[in-house]
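Fold and geometry: a report
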Amino acid sequence: MANTITTTSFLTPFHFHSPRCSIPTPNSAKAFTVPRRKAISLIFSTYILSDIGTSLAQQPQQQPRRFREYVDTFDGYSFNYPSNWIQVRGAGADIFFRDPYILDENISVEVSSPSSSKFKTVEDLGPPEEAGKKVLGQYLTEFMSTRIGVKRESSILNTSSRVADDGKLYYQVEANIKSYASNNELAVMPQDRVVRLEWDRRYLSVLGVENNQLYELRLQVPETVFLEEENELRRVMKSFRANKILR
């Protein structure tokens with residue numbers, strides 16, 4: 001598998017201006033006379049403001065997130081992902097990256113087998129709303145648990161379609177899944193089985209078709225993190241492409 005990785009850099013220009021200075025003449029010296037007490041107060045205030053300015057300048061500024069491009073020429077797809085995410089092998093997907101600090105935040109790609117089904121267009125899944133139900137059903141099947149007292153709540157938040165710059169039609173599906181579990185599922189009395197929220201996650205899928213195969217980009221992120229990183233995650237979604245395999 002031949003992969004091409006590129007890094008996007010961001011540069012911020014700075015502009016400096018030199019204000020004009022007026023030098024007082026001897027005749028105007030009186031206008032600049034300041035009482036001793038006011039002069040001391042002025043010096044002290046200037047020192048405090050200068051110290052605050054220095055402290056703010058020393059604080060690290062938040063840098064724009066950088067992205068890399070992952071290109072799979074063998075299976076035929078590409079997308080951008082945050083440059084600090086790490087690849088995890090053996091995760092069961094065709095490719096899998098995750099945030100090194102927020103382990104529940106990750107991205108993966110699934111590719112259908114050409115021998116099991118033939119796709120001509122993503123519209124073979126039906127309209128976006130119908131495709132969204134299939135995607136959510138697949139998620140719930142994968143998250144099935146044999147534990148007693150586990151409850152899952154799910155909902156489709158949004159479905160849409162778009163034509164990308166490669167001329168292909170893509171579906172986008174957004175869903176939420178919450179998992180609840182009892183802290184004492186073997187308790188006899190109902191009041192002893194307190195149900196608590198285990199996790200609350202946003203699932204973002206992009207579906208595309210090429211090479212008679214269905215391609216699905218999957219993003220998983222905790223709901224609280226999604227609110228902070230929505231713009232970056234949507235950038236990843238828009239970057240996904242199903243590419244023609246040249247062999």
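Preceding this section is the structure that the text describes.
Residues numbered from 1 in each chain as written. Predicted model: local features only at pLDDT ≥ 70, side-chain atom pairs only at ≥ 80, totals over all residues. Heavy atoms only, no water.

**Observations concerning the environment of Arg147**
With respect to the helices and strands, Arg147 occurs in the loop between helix 2 (128-142) and strand 6 (151-163). Assessed through its relative accessible area of 43%, Arg147 is described here as partly exposed. Taking the C-alpha atoms as reference points, Arg147 and Ala181, 34 residues apart in sequence, are found 8.7 Å from one another. (Helix = DSSP H or I, 4+ residues; strand = E, 2+ residues; numbered from the N terminus. Buried < 20%, exposed > 50% of the residue type's maximum accessible area, 1.4 Å probe, protein only.)

**Thoughts on helix 3 (residues 223-239)**
Along helix 3, the sharpest change in direction is near 80° and occurs at Glu229. Of all the positions in helix 3, only Glu223, Val225, Phe226, Glu229, Leu233, Val236, Met237 and Ser239 are classed as buried. (Bend = angle between axes of the 7 residues up to and from the residue.)

**Re the sheet that holds strand 1 (residues 67-72)**
Pairing is antiparallel in the open sheet, where three strands are placed in the order 1-2-10. Looking at strand neighbours, the two that pair on one side only are strand 1 and strand 10 (241-242), the edges of this open sheet. Pairing of strand 1 with strand 2 (residues 77-82), which is carried by six bridges, proceeds in the antiparallel orientation. In the sheet register, Glu69 faces strand 2, and the bridge partner there is Asn80. Against the sheet, helix 3 makes contact with strand 1, strand 2 and strand 10, and its axis sits at roughly 165° relative to strand 2, the strand it touches most. (Pairing = 2+ DSSP bridges. Contact = heavy atoms within 4.5 Å. Axes fitted to C-alpha atoms, helices over the stretch in contact; angles between N-to-C directions.)

**Regarding the packing of aromatic side chains**
Inspection of every chain in the model, using the stated rule, returns 13 aromatic pairs. Plain terms: the ring middles of Phe143 and Trp199 are 6.0 Å apart, the flat faces sit at 75° to each other, and that makes the pair edge-to-face. Of the two residues, Phe143 is situated in the loop between helix 2 and strand 6 and Trp199 in strand 8 (residues 195-210); the sequence distance between them amounts to 56 residues. Seen in terms of ring centroids, Phe143 and Tyr203 are 5.5 Å apart; in terms of plane orientation they differ by 45°. Their pairing is tilted. On the criterion of sequence distance, the pair formed by Phe143 in the loop between helix 2 and strand 6 and Tyr203 in strand 8 is long-range, its members being 60 residues apart. Across the pair, Tyr203 and Phe143 agree in class, each one buried. One aromatic cluster in this structure is built from Tyr70, Tyr77, Phe79, Tyr81, Phe97 and Tyr215. One residue, Arg201, lies across the ring of Trp199, its end atom 3.9 Å from the ring centre. Over the aromatic face of Phe226 sits the side chain of Arg202, whose NZ or CZ is 4.0 Å from the ring centroid. (Phe/Tyr/Trp six-rings, centres within 6.5 Å; stacked < 30°, edge-to-face > 60°. Lys NZ or Arg CZ within 6 Å of the ring centre and 35° of its normal.)

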